[in-house]
Each structure stands twice: as structure tokens, then as C-alpha cells.
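Structural overview for review
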Amino acid sequence: MGTALAPRYEALGFAGTGERGDGVSVYVAGGGDGEPVLLLLHGLGATGAVWDGLAELLPGHWPGAWVIPDLPGHGRSDRLPRYSMGAMAAAVAEAVEPGRRVVVLGHSLGGAVGLALASGWFGVDVVAVCGLGIKVRWSADDLAKAAQVAARPGRVFGSRAEAAERALRVAGLTGLASPDSPVLDSAVTEADGGWRLTLDPAAFGVGAPAMTGLLRACHGEVILAAGEHDPMSPREHLADLLPDPVVLPGLGHNAHVEDPAALLPVLDRLHG
């Protein structure tokens, strides 16, 4: 069994993707009991620990259990031989107990993975999903830069502090967490006489989400949301896909870290 990301969580251990036959394991932490199960999915470069602030608010507010995985290639989870929205969704699906009703709140890449899960193609009964801060428009230059990052070997840093600073930048958390924050405990690790990020650089090759197709395939309620000042997910881009996206006043791309309580009305709507 794995250990929880923080003592306040119940340890839910590792869920292997045995049905896919590739032996990939996904680290999962969580708590609570019952349904619907709230599945919280982090963005590219982060770990499940970015949901710590929201998880502290869930007891007494969320009616069911909550499940917080590290996405494949991130934190304590195994790497994938190739990254795609479908491959990541398939791995995450193994972390959810079969037959449970599931509500997904996913940030950025995690939001796109949540939409893929809501298609029903991966055996998860998603009754509602919110994609928070998804980058829905990608230029050729955006994709080329991501491919360049994916092709670079992981760097070894001389100290944990240096690795932690890099992890903060990659996850967009600079200024929102300190280098010695517990949020980074699973984002960096000792290696080769120094420190490196646990993030697999190849995960940057996951590509752009096919938003139109993903949205058409979704079952249940779908919400698109973003911080008011999120440069990666402006309201007008979201409104071209779904009417009346939720805008979180005063917040940026990592709204769930900046002000976790701002997500509670979104959760109320998802299970209302």
C-alpha cells in the first residue's frame, strides 16, 4: 500500500492498470466515503498535492469520497511509454472503484483527461465534469515548443532547492508555494548525486485536446471554468465551445491553489 500525500488523507494506495496489461501504477490519495466520488485531476507538471487546500474543505461539504491521483508521469505514478489523452484517461480510470458514480474536477491537462473519462469509453460512470483552466486553443508554435520540451532529457540539479524552484516554474506555482512547501514533496526526488523532478518530460508531448470531439462525447453535465485572469484559458475561448463558462473573479490559471474555497460553488453545482 502507498502512503497518503498528507496525514489528513486516508491512504488509498496504488491502483494498477492491469486490464491494459502494461503494469502502469497510479498513486492515489483520498478520503471520505460514499457517492458520488469526486475525482480531482491536476494539471501538467503538478501532482495531486495541489489539491491539498481544497481537500481540507471537503469533509462536511462533499457528500461522498474523494480520490486524488498523480497523473501518469507525475509525482509517485509510473511513466507511460507514450502520452495521449486516452492513455492517461485509461490509467486514471483504474484508480476508481468500478460501479461508483463519479464527478470529475480537473485542472488544465487534468480537465481534458476528465472530459475523456466522461465519454464512458474507459468504464467510469462520470455523471458530471468540470474542466478548469483548460487551454483550448493551440497554435503550431505552441505544439512545437511542447514537443521540444518533451524531447529534452530530465536535468539533475545540485540541490533540492534548485529542483524545487524548477518544479514550481513548470507547474505554474511560482509565488503560490515556497520551495520547501509539502506540495513539492512528491514533485522532486534524489537522483544521480543530486535532485531531479519526478515529472517525465515526455508528458509534454501529450498534445492539444480535441475539445469539440471530447465535449460531444461527454455524458452528464459539463462545465468549463477558468480564473478571470487566466491567460491560458480566457472566457471567450471557452464560450466558443460552451455557453456561459464559469469565471472565477480575481483568480488566474491555478485558481484551485490561489483560492480553493472559490471552487466550492462549482462543486455544489456538479452534485446538485
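Rules used throughout
Here the residue numbering is sequential within each chain, running from 1 through the sequence in written order. pLDDT decides what is reported in this predicted model: residues at 70 or higher carry local features, side-chain atom pairs at 80 or more are listed and counted, and totals for whole chains, interfaces and linings draw on all residues regardless. Side-chain measures were taken over the full set of non-hydrogen atoms in the model, leaving aside hydrogen atoms and water. Per the convention used, a helix needs a DSSP run of H or I reaching at least four residues, while a strand needs a run of E reaching at least two, with both numbered from the N terminus. In this setup the radius of gyration rests on C-alpha atoms only. A globule is expected at 2.2 Å times the number of residues raised to 0.38. Using a 1.4 Å probe on the protein chains alone, a residue whose accessible area is under 20% of its type maximum counts as buried, one over 50% counts as exposed, and one in between counts as partly exposed. Contacts are assigned to residue pairs that have any heavy atoms within 4.5 Å of one another. The Shrake-Rupley method, run with a 1.4 Å probe sphere, supplies the accessible areas, and residue values consider only the shown protein chains as cover. Counted as positive: Lys and Arg. Counted as negative: Asp and Glu. His and the chain ends are not counted at all. The location of each charge is read from NZ of Lys, CZ of Arg, CG of Asp or CD of Glu. In this description, strands pair whenever DSSP reports at least two bridges between them. Here the term right-handed applies to a crossover when the path leading from its first strand over the helix to its second strand runs clockwise, the strands being oriented away from the viewer.

Some thoughts on the overall build of the protein
Of the regular secondary structure elements, the protein holds nine helices and 10 strands. Scaling as 2.2 N^0.38, a compact globule of 272 residues should have a C-alpha radius of gyration of about 19 Å, and the protein matches this with 17 Å. Seen through its C-alpha atoms, the protein measures out along the principal axes to roughly 50 × 40 × 35 Å. Out of the 272 residues belonging to the protein, those deemed buried represent 54%. Once local pairs closer than 6 in sequence are excluded, the contacts in the protein between residues at least 24 apart make up 69%. If you sum the accessible surface of the protein, you get close to 11400 Å²; carbon and sulfur atoms cover 51% of it. For the protein, the distance from the average position of its 19 positive side-chain charges to the average position of its 30 negative side-chain charges is 7 Å.

Some words on the pairing of strand β5 (residues 101-107)
The buried fraction of β5 amounts to six of the seven residues, a majority that puts the element mostly inside the structure. The sheet contact formed by strand β3 (residues 37-41) and β5 spans five bridges and is parallel. Looking across to β5, one finds that leucine 39 is bridged to valine 104. The handedness of the β5 to strand β6 (residues 125-132) crossover, carried by helix α3 (residues 109-117), is right-handed.

Regarding the side chain of histidine 237
Relative to the elements of secondary structure, histidine 237 occurs in helix α7 (residues 235-239). Residues contacting histidine 237, with those up to four places away along its chain left out, are Val136 and Arg137.

Interpretation in functional terms is not warranted from these geometric data alone.
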